[in-house]
Each structure stands twice: as C-alpha cells, then as structure tokens.
Amino acid sequence: MVNIFTIVFSKFVDIKNMILRDRFRDSDSKISNKMKNTISTISKETTIPPITEVWKQSPSITLPTPKLHYINQLIQQWLSLPEVQNTLREEVNAIKNGTSKYLKNNRQSADMTDTDTSLLETGVRPRELSPRPGDGSPPRSPSPFSLLKTSRSIRDPNSPAHEKEHPYPKKICLLQEESTTTQTPQQPIPKISSLTHSTPDTTTLPKFYFPKGFPDSMADTDYRQHITQSVQAIFKRSKDGFITRIEFQEVTKSIGFPIYWKEPLFSLMSAGSDRISFPAFKRMWKSLNEECHDDEARFVYILSGGKKNYLVYEDFEFILQDIVDSHPGLTFLTSHQEFHSRYIQTVVGRIFFSINRSWNGKITTQEIRRSNLLPTIKLLELEDDINKITDYFSYEHFYVIYCKFWELDSDHDLLINKAELSRYADQTLSSRIIDRIFSSCVRSVSSRKQGEDFMTYDDFIRFILAEEDKKHPTSIEYWFRCMDIDGDGVISLYEMEYFYVDQKNRLEELGAEMPAFVDLACQMLDLVKPAVNSQITLSDIKRCKLGYIFYNTFINLDKYLEYEQKDPTARDPDEIVSMTDWEKFASLQYESLIANESENETQDCNDVESMPV
C-alpha cells in the first residue's frame, strides 16, 4: 500500500521542492513550464487521468503564478476524481494480494522515500540521492531542510556576490552556518529491508469533556437499581399496576427529584397518557440515566422531552403551570385564571434574562450549571411564601412588571410603541436610546417579527430588568449593545457623543447646563479605565464595576442628575442590606402600587387593578 501512495506523494514533494529551489531565480513562466513537465510524469507512471486536465478545469488556479496552496488544491482536486480513486483502490487490492507491479519495480524507490522521511523527522539534513543502477527513477530533488540550512545564494553556492540575494535574513543564516559546522558526522543511511512498518502508537487522550455529566458506571448502576426497586414497590401498591398523574408525586419523591419536576417527568414517561405502568417507567428511567449523569442534564432532558440538548420558552410550560396550581403561595390565583399565562410568561422571561447569556433563546445544560435555577426550584418545596423567593418566582415582582407594562400600553393590545415607552419613569430615557432599544440589537428572536415599531411583553421584561439593575451582568451587555451603534464591539468617542448630544439638549430644556463633551469624556474614560485609550469594550465595563454610572450618564437623565448631586462622602443605607437594585426597585414600586390601589377602591377598576395582590 505504501508504494502507490509513495509515487503520488513523492511527485507532490518534487513539485514543492522545485518551487522552493527555483522561486528566487527563475521567472514565473519557467516555473510553470517545469511544473507542467513534472506533473505530467505522474500520469505516465499510472493509469490515472493527467493532472494537467484538472489544472485546466480549475479557474481559481492560474498557470503563470503557481503558489503552494494552489498546488495543494490542485492535488486534492486530482485525487478526488473517480478515475483516480478507482485506480488507487485497484492498486491497494493488488498490493494486498501480492500481484502489484509496484511491489517489485518500486521497492528501492519506497526504501529511499521512507529513509528520507525518517531523516526529515529527526531533523538531519539528507544527502542528495543519486539513482541506483537499474533504477529508472530520476534523481531526488533537494529536501526543504537542505535549502533552509544553505547559507549562500541558491543561484551560485560558491559566489559571495550573491549573498545579498539570500531569501532569508542574514542573522538567521549565520546561526544556521554555526549549527552546520558543529554538526556531528552523519551516520550511514539505513536500508529498509521490507515494506512493513511498525504499528504507530495508538494511545489516545482520555475523554475529558462530558456535556451531560461525568459518567460513573458503578454509581449509576447502583443508583438506578435502588430507584427501580423503590418505585416498583409503589406500583405494586396500586390496584391495577398503573399510577395516575396525581399519584406520581410519590414516585418523584422516591426518585429524589424536586416535587415540581413531577409534571414534565410524568408527561415524558406516559407519552401523553393519563396513567403509566411500571415497565414504561423502567424503560424510560433506564434511557434517562444512560443519557444523563447529573441533575442539570436530567432537567434539560425531562423538560425537552429527550429531543433537544437545550431548552426554549415553551419547554417551561408544564413545570411552571404545576407551580401555579400546587404551590401554597399561589393558591389565590386559582380564581384568577386569566393571570396564569402572564405570570408564567414573566417567570420564563426572568429565567432567560438571567441564564441565557448567549442571547439566542436556547438555555443549554452548561448555562443551567452556572445558574441557581435548580436550587431555587428546590427551595419552592421548603418556602410557602412565594414572595420570599425573589429569584424568578416572586409574585410581587411579577405584579410590578405587569402593572408597569399595562400603564404604558394605552390600547391594551400587549404591544407598546416608542411614544408609549418614552413615558416610562416620567420620560427619563433619551429618544436616541429608545430607538436603539426598539432595534434588533437587544430584542428576542421571536419578537423581531413585530418589526422595529412595537415592543412585546417579553421585550419589556428584558428592558425593565436591565434598566432598574444596571449592575447585573446581562444588563451590562444589554446597554452595551444599545450604545455600540456600529456593532464593532467598542464604544467609541463618536458613539458617546451621539448620546451625549441628546442628554445635553434635554438638560438645557430644564434650565441646567451639561459639562462639555471633552470634559465628560475624560471623566468617563478615567472611570472605566479602558485597556485601549478612547475605546471602551464590554470587558472594560465589567472590570471597572461602575458601568451603571457610565450608562446612566448617556441614557438616563434622572439617574445621571441623582449621581451628580449625591454627596460622595455619604454612605448609602441600602448598601448594608444585601439586596440587588432590582429588588429595591420592585419593593418600593409594589408598596406604591398597593397604596394607590387602596385609594382607588371606591372607583371603577380596570383589569390590572383587579389583579390579586
């Protein structure tokens, strides 16, 4: 098998060596003629179609200026021809059967090729091999190593007048001359007596990437058998050997999963039926543990129905509906079915805002591992007051978000335009930043179908979370996307001035004066301390920990004035309390909404005012 590939490879090496040798002394036309002659010899030694035909059919490979990568493409195209592949396949079979003509005629050529290759691998400069008596092969071309180690001009090795034409730096050449003079005498070239080669080392690196958890075969087997036995006892206690949806909660506890996993887990194992048998459970349980080896991977597998390695919005429907129906802190929603979907939509929006850092609408297993989602779901079993679980599930936070959206949505079609969003927080946002918010840079993939004229409720959830807590990692990315107008990953002075002009005009309307842009820009650069002067990147803002001040300066007038008028020596009393900016905002707004609700009890109430509080 070595011989047929040796012919093709040796000719290919001859072409490359010819280019390395002649590229500095011959014109392009001479190189092209020599390459044509060399390449044509391949077809004479085999029954393969001429490679020059492939050259003519390749418009991207021009004859006057042959380059090394073009030659690589030419050889690859030639080897991909059906005629070439069939010929190679026939020769390989002939070599296996011992009937190939290359076993006898090219044994010496193969020995030379293998010897030259071994010397190249060891770094020893091979000698130019002359043709052996009786061997019809031409003299071998010099190895690239011999060209690299030649200190004089290739045109005339003995002429010092051509030393300036050496293709490599003089300093490198001198070092090569010194290493050449001190080189130990070369050993005689060993002869290879057979065509067999030693088996290469097949040692491979152990697997180190486990996207679905690290598998522990013994632990997984023991765990699976223990769960199977305990669940089988539960099925035996049933009358007909089947378990319904309501009774499946006991099975979920026996497995060790949080009880709020029961609804998606039952839907996965029952395949749409109202009850499940033990064989069906055992079969699906085995498949689940063979695929997944940790809780995060099992969570994705269960919610996605075993069809995807990520989660989308719709995959959370079963588990969140079960929380709404069965959690003690949400029993008051039983008589308000119309708010179930809005609460679920808000929770899903908050989950994706905090976890889906790739902004593609797909939560992966790795993103769940980096989050606190599963511990928070587990906490729902221990805490009856849903409002104490401020991450994702707080009803008070949902109440604030939905009421704020309802106030802006004048026609209550669950879509708001730019004029309606400008009324948010007493028109504190600049018009230019509102235009950026409605662009596709920060909107969800599903809501982009509405165009740039309307904002959906999902987009508003993302907006209000980013606006009221600019210290959150996703909020930092949100506003960076808005201010990076050209999308080059850098907020330049031009982009800062673009938003500064709008802030300055609005401040002058209030009778105040904005600092000059040069002074303000210097202040912001000193605040952020970018790695590259006058170019602020996302990593710069995250590193400085003061990104909220930078953003408010250019997009939120009220918060900018609040920061400017703040006493730098005064300590914020809220710093003592371990609450995020969003939690502080939601708590104050909820109290304000409840106070307004009590004042308007005697007045006509709209849909939002009739929401349970």
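Just so it is clear, the model here is predicted, and its values are computed rather than measured.

Conventions used here
- Residues numbered from 1 in each chain as written.
- Predicted model: local features only at pLDDT ≥ 70, side-chain atom pairs only at ≥ 80, totals over all residues.
- Heavy atoms only, no water.
- Helix = DSSP H or I, 4+ residues; strand = E, 2+ residues; numbered from the N terminus.
- Buried < 20%, exposed > 50% of the residue type's maximum accessible area, 1.4 Å probe, protein only.
- Contact = heavy atoms within 4.5 Å.
- pLDDT = per-residue confidence, 0-100.
- Axes fitted to C-alpha atoms, helices over the stretch in contact; angles between N-to-C directions.
- Parallel < 35°, antiparallel > 145°, perpendicular 65-115°, else oblique.
- Nonpolar A, V, L, I, M, F, W, Y, C, P; charged D, E, K, R; others polar.
- Core = buried A, V, L, I, M, F, W, Y, C linked by side-chain atoms within 4.5 Å.
- Polar contact = N/O pair within 3.5 Å; in protein donor to acceptor, adjacent residues only side chain to side chain.
- 1 Å grid on protein atoms, 1.4 Å probe; cavity = no way out; pocket = protein on both sides within 12 Å on 5 of 7 lines; lining within 4 Å.
- Points joined across faces, edges and corners; volume = space filled by probe spheres on them.
- Disulfide = S-S within 2.5 Å.
- UniProt positions renumbered as here; feature names shortened; annotations may be inferred.
- Salt bridge = Lys/Arg side-chain N within 4 Å of Asp/Glu carboxyl O.
- Phe/Tyr/Trp six-rings, centres within 6.5 Å; stacked < 30°, edge-to-face > 60°.
- Lys NZ or Arg CZ within 6 Å of the ring centre and 35° of its normal.
- Arc of directions from axis to C-beta.
- Expected span 1.5 Å × (residues − 1).

Student: Which residues make up the overall build of the protein chain, and what values go with them?
Tutor: For the protein chain, the count of helices and strands is 29 helices and four strands. Taken over 613 residues, the protein chain has a buried fraction of 42%. A separation threshold of at least 6 residues defines the contact pool for the protein chain, and within that pool the share at least 24 residues apart is 64%.

Student: A description of the confidence of the model for the protein chain should follow, citing residues and the corresponding values.
Tutor: Here the protein chain averages 77 in pLDDT, and 66% of its residues register 70 or above. Counted against residues more than four places away or in other chains, residues 112-186, with its pLDDT under 50, gives 74 contacts. Across residues 189-198, where pLDDT falls below 50, the model places 16 contacts with residues more than four positions away in sequence or in other chains.

Student: Account for the packing of helix H22 (residues 457-468) against helix H23 (residues 473-483), naming residues and giving values.
Tutor: Two elements in contact, H22 and H23, have axes whose closest approach is 9 Å; the angle formed by their N-to-C orientations is 105°. With respect to each other, H22 and H23 are oriented roughly perpendicular. Judged by residue contacts, Arg462, Phe463, Leu465, Ala466 and Glu467 of H22 engage Ser475, Tyr478 and Trp479 from H23. Of the residues belonging to the contact of H22 with H23, the class tally is five nonpolar, one polar and two charged.

Student: Lay out the nonpolar core with the relevant residues and their values.
Tutor: Phe299, Phe316, Phe393 and Phe550 are the most contacted members of the largest nonpolar core, which has 119 residues in total. In contact with Phe299, not counting residues within four places along its chain, are Trp261, Leu311, Phe316, Ile319, Ile368, Leu373, Leu374 and Ile377.

Student: Let's hear about the side chain of Asp540: which residues, and what values?
Tutor: By secondary structure assignment, the location of Asp540 is in helix H26 (residues 538-544). With a relative accessible area of 2%, Asp540 lands in the buried category. One polar contact links Asp540 to Arg543, side chain to side chain, over a distance of 2.6 Å. In contact with Asp540, not counting residues within four places along its chain, are Val528, Pro530, Ala531 and Gln535.

Student: Describe in detail the layout of surface pockets, supporting the description with residues and values.
Tutor: Taken as a whole, the largest pocket encloses approximately 1,100 Å³ of empty space. Looking at the lining of the largest pocket, the elements with two or more residues in it are helix H19 (395-408), H22, helix H27 (547-555), helix H28 (557-564) and helix H29 (581-599). Tallied by class, residues from the lining of the largest pocket come to nine nonpolar, five polar and 17 charged.

Student: Break down unusual backbone geometry for me, citing the residues and quoting the values.
Tutor: Phi at Ala271 is positive, roughly 55°, even though this residue is not glycine. Among the secondary structure elements, Ala271 is positioned in the loop between helix H12 (262-270) and strand S2 (275-277). Of note, the phi angle at Trp359 is positive, near 65°, even though the residue is not glycine. Within the secondary structure layout, Trp359 lies in the loop between helix H16 (340-355) and strand S4 (363-364).

Student: Which residues make up the side chain of Asp315, and what values do they have?
Tutor: Mapping Asp315 onto the fold places it in the loop between strand S3 (310-311) and helix H15 (317-326). A relative accessible area of 11% places Asp315 in the buried class. For Asp315, the side chain forms a polar contact with the side chain of Lys308, separated by 3.4 Å. For Asp315, the side chain forms a polar contact with the main-chain nitrogen of Val312, separated by 3.0 Å. In contact with Asp315, other than residues within four places in its own chain, are Leu303, Ser304, Lys308 and Tyr310.

Student: Got a sec to walk through the state of the cysteines? Specific residues and values, please.
Tutor: Throughout the structure, instances matching the rule amount to zero disulfides. Residue Cys441 stays outside any disulfide, its sulfur separated by 4.4 Å from that of Cys482, the closest cysteine.

Student: Can you break down the UniProt feature "domain: EF-hand" (unreviewed entry) in the protein chain residue by residue, with the values?
Tutor: Under the local residue numbering, the UniProt record ascribes the feature "domain: EF-hand" (unreviewed entry) to residues 471-506. Helix and strand shares over residues 471-506 are 69% and 0% respectively, and the end C-alpha atoms of the span are 25 Å apart.

Student: Can you tell me about the pattern of salt bridges, naming the residues and giving the values?
Tutor: One pass over the structure, following the stated rule, counts 19 salt bridges. Of the charged contacts, one joins Glu291 and Lys212 as a salt bridge, the two residues approaching to 3.2 Å between their closest N and O atoms. Linking Glu291 in helix H13 (residues 278-291) with Lys212 in the loop between helix H9 (170-181) and helix H10 (217-237), this pair joins segments that are 79 residues apart in sequence. Lys212 sits in the partly exposed class, given a relative accessible area of 31%. Between Lys559 and Glu468 there is a salt bridge; the shortest N-O distance is 3.4 Å. Of the two residues, Lys559 sits in helix H28 while Glu468 sits in helix H22, which places them 91 residues apart along the sequence. On the basis of relative accessible area, Lys559 is assigned to the partly exposed category, the value being 23%. On the accessibility criterion, Glu468 (11% relative accessible area) is buried.

Student: Account for the packing of aromatic side chains, with residues named and values stated.
Tutor: Summed over all chains, the structure comprises 34 aromatic pairs. Ring geometry for Tyr500 and Phe517: centres 5.3 Å apart, planes at 55°, overall tilted. Note that Tyr500 is positioned in helix H24 (residues 493-509) and Phe517 in helix H25 (residues 517-528), a separation of 17 residues in sequence. Overall, the relative accessible area of 5% leaves Tyr500 in the buried class. The ring centre of Phe242 lies 4.0 Å from the NZ or CZ of Arg275, which sits over that ring. The aromatic ring of Trp359 is capped on one face by Arg481, whose charged end is 4.1 Å from the ring centroid.

Student: Outline the environment of Phe278, supporting the account with residue identities and numerical values.
Tutor: Here Phe278 lies in helix H13. Residues Phe278 and Gln232, 46 residues apart in the sequence, show an inter-C-alpha distance of 6.7 Å. In contact with Phe278, other than residues within four places in its own chain, are Thr228, Val231, Gln232, Phe235 and Gly241.

Student: Account for helix H11 (residues 248-255), naming residues and giving values.
Tutor: The complete set of buried residues in H11 reads Phe248, Val251, Thr252 and Ile255. Buried residues along H11 cover an arc of 100° about the axis, so they all sit on one side. The first or second residue beyond H11 is Gly256, which carries a positive phi of 105°.

Student: A description of H13 should follow, citing residues and the corresponding values.
Tutor: Relative to the 20 Å expected for 14 residues at 1.5 Å per residue, H13 spans 20 Å between its end C-alpha atoms, a close match to the ideal helical length. Those residues of H13 that sit buried are Phe278, Ala280, Phe281, Trp285, Leu288 and Asn289. Buried residues of H13 fall within an arc of 150° about the axis and therefore sit on the same side. Exposed side of H13, more than 90 degrees from the buried face: Pro279 and Arg283 are the residues found there.

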